[in-house]
Amino acid sequence: MSRILIVAKRVLTQLRHDKRLLGLSVMAPLLIIYLLKIFFDTMPKGFNNARYVMPITAFMVHFLAFLLCAIVLVQERTAGTLERMFINGFRRIEIIGGYVLGYILLATFQAMIALAEALWLFDLSYAWGDLALLFGVIWLLAITSVMLGMFISTFARHEGQVFPFIPLIILPSVFLSGLLINPEQLPTWANWLGHAFPLFYANDAIQEIIGKTPSSSVIWTNIVILLGYGLFLLTLASRTLKDVE
Amino acid sequence: MNAVEVRGLTKRYGNVHALQGIDLSVPEGMIFGLLGANGAGKSTLIKALVGALKPNSGEWQVLGLNPLRDQAKLRALIGYMPQGVALYEDLSARENLRFFGSAHGVPELEQRIQAALEFTELTSRAEHAVYGFSGGMKKRVSLACALLHQPRMLFLDEPTAAVDPHLKVRSWQLFRELANAGTTLFISTHLMDEALLCDRLAIQQAGKILIVDTPQAILEHGQTQLTIEQAGQTNTQQIASTPSALAECLRGYGLNPAVQAIALQPDSLETIVLRMLQKSEVAK
């Protein structure tokens, strides 16, 4: 456990030192939510903002957590520090655990302020219980995204190779996860493909929470699937993160 | 017990044979040098020994342990400085040292960090981010990270490349002190002057070890140009670079008062190594 904390502390120290990265990863969702507000202001009256605002907020946290974690881990590999960590006795699970713990704090902060800005700008109000659930879903999605970034990083030899995974993994989830349209309107195969993305379950839970007749079983089923998805990715990442060439 | 025992070690990357049947024994408590040109397979061999790489075949032990099977045990006993600096550039020198030192649970870590910073003459830059450091300064931080937990065996991959001459001398003084205290040092280098400072030397080319011996014995593989001026005449001849060859050659002259000067020009290690490498190429 102590080595997990050592890695987490180092990850956080790096984030603290890299003010530009920290600033961008916190400010970028805020800026995009603001631009979304300007865009939605042009929509006709009666347009259901809430249906899009919360899932898009979740998507931005998902995207940034994925990208940040994938790139930082690839940097570890190219700089030789990952190999050095292993030779200094760190085990795979300690490195992954340290990263998850370090990024949980960033993801929590990102999820909190993005949610707060979206609620304030779009004048949305929910019961405290629903707000807690919304935060919980976005937070869980962020953690899953960290693990997805870790898993994907094992397939990239340098930072540039992370980017092709954005059109492969991130962009399809925008169209197939119910972010823009109800996935049931998609062809059956596309609907099924949508189930492969963590955003699908986060969106399904969010739509249920903000819907008129929320079903707690649907919400919790999605939360459990999201949790399982995260654990599955954690297992994959711990198997693919090689400590020996 | 030998610190390193390697038999028939091979490693392939596709069609590239990085290690081709390496046999090597390194006794404990000495400075063992691995000399070779870039691409000779020095780093691959070191990575196999520290358990960062899985060879295709062969038997290999470090401190009596298998680097892959006994990974956790071995890693507590060794220190490793890779060829690249392998540091967190957005962290300060002290933070890098603290991170790698914490991994080993080093007692009195802060005092050891301070001592390492003083040795590497980085005290005044200890709190600065490493990305602003010169190549030589980064090497110094990297070396300090490898030394912190006082390992039983140190693997240093070109530790003094791009380091200024002053620190290079200080580093080799430290290496000697460590060896005298019982630490085994396995140092790869392509610098001939450094190779001469090792207790034993292996010359590696294209994944093979060409020779393992003391630097002095390797020097004796070369030739010496002997020039003798006698009675106004200059006589130059090539002899083997051994004390007995010199004695035999001079015996013929006796101590004739007419011998006015004797000049010796032995082959440098660089010349000898290059000749060995050329012979090895021709033999292929």
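Each chain has its residues counted from 1, following the order in which its sequence is written. By the order in which they are written, chains take letters starting at A while ligands take numbers starting at 1. In keeping with the predicted nature of the model, local features appear solely for residues at pLDDT of at least 70, side-chain atom pairs appear and are counted solely at 80 or more, and the whole-chain, interface and lining totals rest on all residues.

**Section: the overall build of chain A**
Along the backbone of chain A there are ten helices and zero strands. Think of it this way: any DSSP run of H or I at least four residues long counts as a helix, any run of E at least two long counts as a strand, and we number them from the N terminus. Element order for chain A, N to C, with α for helix and β for strand: α-α-α-α-α-α-α-α-α-α. The principal-axis extents of the C-alpha atoms in chain A amount to approximately 60 × 40 × 35 Å. Residues counted as buried form 42% of the 245 residues belonging to chain A. In this description, a residue-residue contact is defined by the distance between C-beta atoms placed from the backbone, which must lie within 7 Å. Sequence separation of at least 24 residues holds for 80% of the intrachain contacts in chain A that already meet a minimum separation of 6. The exposure scheme places C-beta atoms from the backbone and then counts, for each residue, the other C-beta atoms within 10 Å of its own, assigning buried at 20 or more, exposed at 12 or fewer, and partly exposed in between.

**Some points on the overall build of chain B**
Counting its secondary structure elements, chain B contains ten helices and twelve strands. Expressed as a percentage of the 284 residues in chain B, the buried residues total 40%. Counting contacts in chain B only where the partners sit at least 6 residues apart, residues at least 24 apart contribute 67% of the total.

**Structural notes on the UniProt feature "transmembrane region" (unreviewed entry) in chain A**
UniProt positions are given in the numbering used here, feature names are shortened, and annotations may be inferred rather than shown by experiment. Per the UniProt record, "transmembrane region" (unreviewed entry) is annotated on residues 21-40, 52-74, 95-120, 132-155, 162-181 and 218-237 of chain A. Structurally, residues 21-40 of chain A is divided into 100% helix and 0% strand, and its ends, taken at the C-alpha atoms, are 28 Å apart.

**Observations concerning the UniProt feature "domain: ABC transporter" (unreviewed entry) in chain B**
UniProt records the feature "domain: ABC transporter" (unreviewed entry) for residues 4-231 of chain B in the present numbering. Across residues 4-231 of chain B one finds 33% helix and 30% strand; the C-alpha atoms that close the span lie 56 Å apart.

**Examining the sheet that holds strand β8 (residues 200-205) of chain B**
All names here are of chain B. When DSSP finds at least two bridges between two strands, those strands are taken to pair. Pairing is mixed in the open sheet, where six strands are placed in the order β5-β6-β7-β3-β8-β9. Each edge of the sheet is formed by a strand with only one pairing partner; in this case those strands are β5 (78-81) and β9 (208-213). For this sheet, the mean inter-axis angle between neighbouring strands, taken without regard to orientation, is 15°. Sheet analysis places strand β6 (residues 153-157) next to strand β7 (residues 184-189), joined by five bridges and oriented parallel. Bridge pairing in β7 places Asp-157 opposite Ser-188. Between the N-to-C directions of two axes lies an angle of 0 to 180 degrees, each axis being a line fitted to C-alpha atoms and, for a helix, fitted only over the stretch in contact.

**Details of the packing of helix α1 (residues 2-17) of chain A against helix α5 (residues 92-121) of chain A**
Packed helix pairs are characterised by how far apart their axes lie and by the angle those axes make with each other. Residue and element names in this part refer to chain A. At a closest axis distance of 7 Å, the pairing of α1 and α5 adopts a crossing angle of 45°. Classified by the interaxial angle, the pair formed by α1 and α5 is oblique. Once α1 is placed against α5, the crossing between them reads as right-handed. Contacts between α1 and α5 involve Arg-3, Ile-4, Ile-6, Val-7, Ala-8, Val-11, Leu-12 and Leu-15 from the first element and Glu-94, Ile-95, Gly-97, Gly-98, Tyr-99, Leu-101, Gly-102, Tyr-103, Leu-105 and Leu-106 from the second. Each angle gets one of four labels, with under 35 degrees taken as roughly parallel, over 145 as roughly antiparallel, 65 to 115 as roughly perpendicular, and the rest as oblique. Two helices that cross are described as forming a left-handed crossing if the nearer one is turned anticlockwise from the farther one by less than a right angle, and a right-handed crossing if clockwise.

**Observations regarding the interface of chain B and chain A**
Taken together, the contacts link 25 residues of chain B with 19 residues of chain A. Of all the secondary structure elements, the ones that give two or more residues to the side of chain B that touches chain A are α2 (71-77) and α3 (93-103) of chain B. In terms of residue class, the side of chain B that touches chain A is built from 16 nonpolar, four polar and five charged. Nonpolar residues are Ala, Val, Leu, Ile, Met, Phe, Trp, Tyr, Cys and Pro. Charged residues are Asp, Glu, Lys and Arg, and all others, Gly as well, are polar.

**Regarding the nonpolar core**
One recurring pattern in soluble globular proteins is that nonpolar side chains are buried together. Counting residues in each nonpolar core, the largest one holds 140 residues, and the members touching the most others are Val61(A), Cys69(A), Val146(A) and Phe186(B). What counts as a domain boundary in this text is fixed by an automatic or database domain assignment. Domain assignment of the residues forming this core places at least three in each of domain 1 (2-218) and domain 2 (222-283) of chain B. Setting aside chain neighbours within four positions, we find Cys69(A) in contact with Tyr99(A), Tyr103(A), Val146(A), Gly149(A) and Met150(A). The term nonpolar core means buried Ala, Val, Leu, Ile, Met, Phe, Trp, Tyr and Cys residues held together as one set by C-beta atoms within 7 Å.

**Here's the deal with helix α5 (residues 135-147) of chain B**
Residues and elements named next belong to chain B. How far a helix is expected to stretch is found by multiplying one less than its residue total by 1.5 Å. Helix length check: α5 (13 residues) gives 19 Å between terminal C-alpha atoms against 18 Å at 1.5 Å per residue, within 8%. Of all 13 residues in α5, eleven are buried; the element is thus mostly enclosed. Inspection of α5 places Met-137, Lys-138, Lys-139, Arg-140, Val-141, Ser-142, Leu-143, Ala-144, Cys-145, Ala-146 and Leu-147 among the buried residues, and these make up the whole buried set. Each element contacted by the buried residues of α5 is listed here: β5, α3, α4 (109-119), β6 and α6 (165-180).

**Some thoughts on helix α1 (residues 42-49) of chain B**
All names here are of chain B. Among the eight residues that make up α1, eight are buried, leaving the element largely enclosed by the rest of the structure. Turning to α1, its buried residues number three or more, namely Lys-42, Ser-43, Thr-44, Leu-45, Ile-46, Lys-47, Ala-48 and Leu-49. Following α1 by one or two positions, Gly-51 has its phi on the positive side, about 80°.

**Focus: the sheet that holds strand β10 (residues 223-230) of chain B**
All names here are of chain B. The three strands lie next to each other as β11-β10-β12, forming an open sheet whose pairing is antiparallel. Two strands bound the open sheet, and with one partner strand each, they are β11 (233-240) and β12 (259-266). Strand-to-strand twist across the sheet, computed as the mean angle between neighbouring axes with direction ignored, equals 20°. Relative to β12, β10 runs antiparallel, the two sharing seven bridges. For Glu-229, the partnering residue across the bridge sits in β12 and is Ala-261.

**Description of the UniProt feature "domain: ABC transmembrane type-2" (unreviewed entry) in chain A**
Mapped onto the present numbering, the UniProt feature "domain: ABC transmembrane type-2" (unreviewed entry) falls on residues 19-244 of chain A. As annotated, residues 19-244 of chain A has a helix share of 77% and a strand share of 0%, and its two end C-alpha atoms lie 33 Å apart.

**What to know about the packing of α1(A) against α3(B)**
Where α1(A) contacts α3(B), the two axes come as close as 10 Å, and the packing angle between them is 165°. Comparing the axis directions of α1(A) and α3(B) gives the class roughly antiparallel. Note that α1(A) runs across α3(B); the crossing there is left-handed. Two secondary-structure elements touch here, α1(A) through Arg3(A), Ile6(A), Arg10(A) and Thr13(A) and α3(B) through Glu95(B), Phe99(B), Ser102(B) and Ala103(B). Residues of the contact of α1(A) with α3(B), tallied by class, amount to three nonpolar, two polar and three charged.

**Let's talk about the domain arrangement of chain B**
Residue and element names in this part refer to chain B. When its domains are assigned, chain B resolves into domain 1 (2-218) and domain 2 (222-283). For domain 1 and domain 2, the distance between their C-alpha centroids amounts to 37 Å. Put simply, the parts of the chain that give the side of domain 1 that touches domain 2 at least two residues each are α7 (192-195), β8, β9 and α8 (215-219). Tallied by class, the residues present in the side of domain 1 that touches domain 2 amount to nine nonpolar, one polar and no charged.

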